[in-house]
Amino acid sequence: MSVDHAQHPEIRETARPPTLHLALAREGPAAVLRVGGPLDLATVDRLVDLVDRLMGGGPPPVLVLDLSGVTFFCAAGVNALLTVRRRVASAACTLVVREPSRITVKVLDIVGLTDEFTTE
């Protein structure tokens, strides 16, 4: 059998989906949650779960959600942001969105929610 006729094993590339990075820090009395990567159907539960844990254990007076590192934002991200807002409000905490990325601002503008969040 010549090299040209040899059977070649199927080559499969496995692409790893981008991951969501969450980092929690304190700035005075405020908790700052930095979000990096995609906020999509595969990742939003991690954000909401972390906010739930934070609000359940003696919530801070202010939660700053730093969205400057968000690289993808879709309907699932919008729903997660609305869920976070509800959970924070029910814990008598204030939500502030810090430096939302361009894609985040664009999507919120498209769905008419740009003015629904306090931003800095």
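Presented here is an overview of the structure given in this document. Since this is a predicted model, take the numbers as computed values, not measurements.

Considering the sheet that holds strand S1 (residues 21-27)
Strands sit in the order S1-S2-S3-S4 across an open sheet of 4 strands; the sheet is mixed. Each edge of the open sheet carries a strand with a single partner, namely S1 and strand S4 (94-98). Each strand of the sheet is rotated relative to its neighbour by a mean of 20 degrees, with strand direction disregarded.

A look at the environment of Ala80
Summarising the element assignment, Ala80 is placed in helix H2 (residues 75-90). Residues Ala80 and Leu39, spaced 41 residues apart in sequence, show a C-alpha to C-alpha distance of 8.4 Å. Those residues in contact with Ala80 that lie beyond four places of it in its chain are Val44 and Val48.

Quick notes on the pairing of S1
When S1 meets strand S2 (residues 30-39), the two strands line up antiparallel, connected through 7 bridges. Bridge pairing links Leu24 to Leu33 in S2. Counting the residues in the hairpin turn of S1 and S2 gives 2 residues, including Gly28, whose phi is positive at 65 degrees.

Topic: the side chain of Asp40
Looking at the secondary structure, you find Asp40 in the loop between S2 and helix H1 (44-56). Buried charge without a salt bridge: Asp40, with Arg46 as the nearest opposite-charge side chain at an N-O distance of 9.4 Å.

Some thoughts on the packing of H1 against H2
The N-to-C vectors of H1 and H2 enclose an angle of 5 degrees; their axes lie 10 Å apart at closest approach. Classified by the angle their axes make, H1 and H2 are roughly parallel. The segment H1 lies against H2, with Val44, Leu47, Val48, Val51, Asp52 and Met55 engaging Ala76, Gly77, Ala80, Thr83, Val84, Arg87 and Val88. Each residue belonging to the contact of H1 with H2 can be placed in one class, and the counts come to 9 nonpolar, 2 polar and 2 charged.

Parameters and conventions
The residue numbering used here restarts from 1 in each chain and proceeds along that chain's sequence as written. For a predicted model such as this one, the threshold for reporting local features is a pLDDT of at least 70, and the threshold for listing and counting side-chain atom pairs is 80 or more; totals across whole chains, interfaces and linings nevertheless cover every residue. Side-chain calculation: all heavy atoms of the structure are included, whereas hydrogens and water are not. Pairing between two strands is assigned when DSSP locates at least 2 bridges connecting them. Each helix is a run of DSSP H or I of at least 4 residues and each strand a run of E of at least 2, with the numbering of both proceeding from the N terminus. Axis definition: a line fitted to C-alpha atoms, over the contacting stretch in the case of helices. Angles run 0 to 180 degrees between N-to-C directions. We call two residues in contact when some of their heavy atoms are within 4.5 Å. Categorising residues by exposure relies on relative accessible area from a 1.4 Å probe, with only protein chains included: less than 20% of the type maximum marks a residue as buried, more than 50% marks it as exposed, and the intermediate range marks it as partly exposed. Only four residue types enter the charge count: Lys and Arg as positive, Asp and Glu as negative, with His and the chain ends excluded. Any Lys or Arg side-chain nitrogen found within 4 Å of a carboxyl oxygen on Asp or Glu counts as a salt bridge. Angle categories are assigned with fixed cut-offs, so that under 35 degrees is roughly parallel, over 145 is roughly antiparallel, 65 to 115 is roughly perpendicular, and the rest are oblique. For this classification, the nonpolar set comprises Ala, Val, Leu, Ile, Met, Phe, Trp, Tyr, Cys and Pro, the charged set comprises Asp, Glu, Lys and Arg, and every other residue, Gly included, is treated as polar.

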